[in-house]
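Now for the letters of each chain:
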Amino acid sequence: MPELPEVETVRRGLEEILKDHPVIDKIELQRKDLRDPIPVKKVRSLIGQKITSVERRAKYLLLRTPQGSLLSHLGMTGTWRVAKPGDERDHDHIYLHFTNGLRLAYRDPRRFGIFDFVALEQEAQHPKLKALGYEPLSESFTGEALHKLLRGKVVAIKVAIMDQKLVVGVGNIYASEALFRAKIKPVTPSLKLSLEKCEKLVASIKEILFEAIQAGGSSISDFAQASGESGYFQTRFKVYDREGEKCVICGAKIRAQTLGGRSTYWCSSCQK
Ligand SMILES: [Zn+2]
């Protein structure tokens, strides 16, 4: 499943492709639903509008127009690509045609993606967007903010930072890696984290996500960049999926356990 860095990479790709603010000419839907039904009429109400920007909230992409936005979630296997005439593929569910001749295709074999409409200035109330926590890369996500969020929470810190209502887009891999970098054991009860540890953890989350974006996202999923090319560099994980291997810092064995239903990796020596 694409995580936040991959989605941010797709956003940047789409932003580049749509930088001339093309006007939507036609929205061709090969089917009326993905994970959820597509609100066909509402989506098509944006025909004739120009794309003003491509933004991201959590793992939702927002193609903004002056009259509202198209919301896209890639689910497990969704990709956007520029599709020249003749480039139609199995599992292409949506074609966005623009008046400048550009055509974007949304392909999603497993159909866990979402394609929706967001009314102008209604983003804060949109059911998919309203309960989302902090953007991890935003300036407002600080150690102090995290410390406040964790007050009174007994849940394991790894489970907490993966809770989208607290902070969005910290998936399973990045949670393990950030905790390793901050030298915090994943099972530590959230309320036991000092302000200093929260600051370290927030800094680590930001660093890990930035590095992954720099590398073009992780390459472990069936996923392609906005251009349609599979072009991710292999990200070197320091603990994730390294059970039994040596810690890159101290040489101790990397441990693994299931936590909150997800595989969790840590170094028992570095992370106390
Ligand atoms: Zn270690």
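Refer to the structure presented above.
Residues numbered from 1 in each chain as written. Predicted model: local features only at pLDDT ≥ 70, side-chain atom pairs only at ≥ 80, totals over all residues. Heavy atoms only, no water.

Caption draft 1: A look at the sheet that holds strand β1 (residues 24–29). With antiparallel pairing, 4 strands are arranged side by side in an open sheet as β1-β6-β7-β5. Among the strands making up the open sheet, the edge pair consists of β1 and β5 (79–82). The mean inter-strand angle of the sheet, taken between neighbouring strand axes irrespective of direction, is 20°. Where β1 and strand β6 (residues 92–98) come together, 5 bridges link them in antiparallel fashion. Its bridge partner lying in β6, Lys26 is registered against His97. (Pairing = 2+ DSSP bridges. Helix = DSSP H or I, 4+ residues; strand = E, 2+ residues; numbered from the N terminus. Axes fitted to C-alpha atoms, helices over the stretch in contact; angles between N-to-C directions.)

Caption draft 2: Main features of the layout of surface pockets. Considering only enclosed or pocket space, the second largest pocket measures out at about 240 Å³ in volume. Glu177, Arg181, Glu211, Arg236 and Lys238 are, among the 13 residues lining the second largest pocket, the residues nearest its centre. At the level of secondary structure, the elements contributing two or more residues to the lining of the second largest pocket comprise α5 (172–181) and α6 (195–214). Residues belonging to the lining of the second largest pocket are distributed by class as follows: 7 nonpolar, 1 polar and 5 charged. (1 Å grid on protein atoms, 1.4 Å probe; cavity = no way out; pocket = protein on both sides within 12 Å on 5 of 7 lines; lining within 4 Å. Points joined across faces, edges and corners; volume = space filled by probe spheres on them. Nonpolar A, V, L, I, M, F, W, Y, C, P; charged D, E, K, R; others polar.)

Caption draft 3: A look at α6. Between its first and last C-alpha atoms α6 spans 28 Å; for 20 residues at 1.5 Å apiece the expected length is 28 Å, and the two agree. Buried-residue contacts for α6 involve α1 (4–17), α3 (143–150), α4 (157–161) and α5. (Expected span 1.5 Å × (residues − 1). Contact = heavy atoms within 4.5 Å.)

Caption draft 4: Geometry of the environment of Arg181. Residue position: Arg181 is located in helix α5. Here Arg181 falls in the partly exposed class, since its relative accessible area comes to 29%. Separated by 24 residues in sequence, Arg181 and Ile205 have C-alpha atoms that sit 8.7 Å apart. Discounting residues that sit within four places of it in the chain, Arg181 has contacts with Ser204, Glu207, Ile208, Glu211 and Lys238. (Buried < 20%, exposed > 50% of the residue type's maximum accessible area, 1.4 Å probe, protein only.)

Caption draft 5: Spatial organisation of the packing of α1 against α6. With their axes 9 Å apart at the nearest point, α1 and α6 run at an angle of 45° to one another. Judged on the interaxial angle alone, α6 and α1 are oblique. For α1 against α6, the interelement crossing comes out right-handed. Counted together, Leu4, Pro5, Glu8, Thr9 and Arg12 of α1 and Leu209, Ala212 and Ile213 of α6 form the full contact between these two elements. For the contact of α1 with α6, a count of residues per class yields 5 nonpolar, 1 polar and 2 charged. (Parallel < 35°, antiparallel > 145°, perpendicular 65-115°, else oblique. Left-handed = near helix turned anticlockwise from the far one by under 90°.)

Caption draft 6: Here's a closer look at the coordination of the zinc ion. Each protein donor to the zinc ion is listed here as Cys247 (SG), Cys250 (SG), Cys267 (SG) and Cys270 (SG); together their distances run 2.3 to 2.4 Å. Its 4 donor atoms give the zinc ion angles of 98 to 116° at the centre, a pattern that matches the tetrahedral case. The sequence pattern describing where the donors of the zinc ion fall on their chain is C-x2-C-x16-C-x2-C. Highlighted residues: Cys250 in the loop between α6 and β9 (254–259) and Cys267 in strand β10 (residues 262–267), separated in sequence by 17 residues. With a relative accessible area of 38%, Cys250 lands in the partly exposed category. Residue classification places Cys267 among the buried positions, given a relative accessible area of 0%. (Donors = N, O, S within 2.8 Å, 3.2 Å for Na, K, Ca; no water. Tetrahedral: all angles 85-135°; square planar, octahedral: opposite > 155°, others 65-115°.)

Caption draft 7: Region of the structure containing the environment of Arg31. Relative to the helices and strands, Arg31 is located in the loop between β1 and α2 (40–44). In this structure, the C-alpha to C-alpha distance between Arg31 and His93, residues 62 residues apart in sequence, is 6.2 Å. Every residue in contact with Arg31, bar those within four places of it in the chain, is listed here: Ile38, His93 and Arg111. Polar contacts involving the side chain of Arg31 include one to the main-chain carbonyl oxygen of Asp33, which spans 2.8 Å. (Polar contact = N/O pair within 3.5 Å; in protein donor to acceptor, adjacent residues only side chain to side chain.)

Caption draft 8: How the structure looks around the packing of aromatic side chains. Enumeration over the complete set of coordinates arrives at 5 aromatic pairs. Between Trp80 and Tyr106, the aromatic rings sit 5.2 Å apart at their centres with planes inclined by 55°, giving tilted as the arrangement. Here Tyr106 lies in strand β7 (residues 103–107) and Trp80 lies in strand β5, a separation of 26 residues in the sequence. The exposure class of Trp80 is buried, given its relative accessible area of 2%. Ring geometry for Tyr134 and Phe141: centres 5.8 Å apart, planes at 40°, overall tilted. By relative accessible area, Phe141 is classed as buried at 1%. In this structure an aromatic cluster arises from ring pairing among Trp80, Tyr106 and Phe115. Positioned above the aromatic ring of Tyr95, the side-chain terminus of Arg103 is 4.5 Å from the ring centre. (Phe/Tyr/Trp six-rings, centres within 6.5 Å; stacked < 30°, edge-to-face > 60°. Lys NZ or Arg CZ within 6 Å of the ring centre and 35° of its normal.)

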